[in-house]
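Residue strings, one per chain:
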Amino acid sequence: MTKNIFAKSVGKAIPVIEAFVSGGLTLATFVPMAKRLQRYLFTLPIADVEFYKQSHEDDIIDIDLSDIIDDDFEE
């Protein structure tokens, strides 16, 4: 009877232990690679704010709202 109860409890514990081991291995392998990718992407010019300021300077349009708003318009 005791061996049977022990075997059932160990049988239920093994998947839980395997889940922690698998999660730990995944974390240990993905974190360094994610940080490496982050450092690489940070070096690209598209990650720089100045890149967007220079490339989109011509796209900025100044609008004078006084031309749009009609002073005689009343609701």
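Residues numbered from 1 in each chain as written. Predicted model: local features only at pLDDT ≥ 70, side-chain atom pairs only at ≥ 80, totals over all residues. Heavy atoms only, no water.

Caption draft 1: A look at the overall build of the chain. For the chain, the count of helices and strands is 3 helices and 0 strands. Taken from the N to the C terminus, the helices and strands of the chain come in the order α-α-α. Every one of the 75 residues in the chain was classed for burial, and the buried ones make up 0%. Roughly 7700 Å² of accessible area belongs to the chain as shown, and the carbon and sulfur atoms make up 65% of that amount. (Helix = DSSP H or I, 4+ residues; strand = E, 2+ residues; numbered from the N terminus. Buried < 20%, exposed > 50% of the residue type's maximum accessible area, 1.4 Å probe, protein only. Areas by Shrake-Rupley, 256 points an atom, 1.4 Å probe, with all protein chains shown as cover.)

Caption draft 2: Region of the structure containing a nonpolar patch on the surface. On the surface, Phe6, Val10 and Ile14 cluster together into a nonpolar patch covering about 270 Å² of accessible area. Here Ile14 is to be found in helix H1 (residues 2-43). (Patch = residues over 30% accessible without salt bridge, like charges linked within 9 Å, V, L, I, M, F, W, Y side chains within 5 Å. Salt bridge = Lys/Arg side-chain N within 4 Å of Asp/Glu carboxyl O.)

Caption draft 3: Structural context of the confidence of the model for the chain. Per-residue confidence for the chain gives a mean pLDDT of 80; residues scoring 70 or more make up 71%. Here helix H3 (residues 65-68) is the element of the chain with the lowest mean pLDDT, 66, and H1 is the one with the highest, 90. (pLDDT = per-residue confidence, 0-100.)

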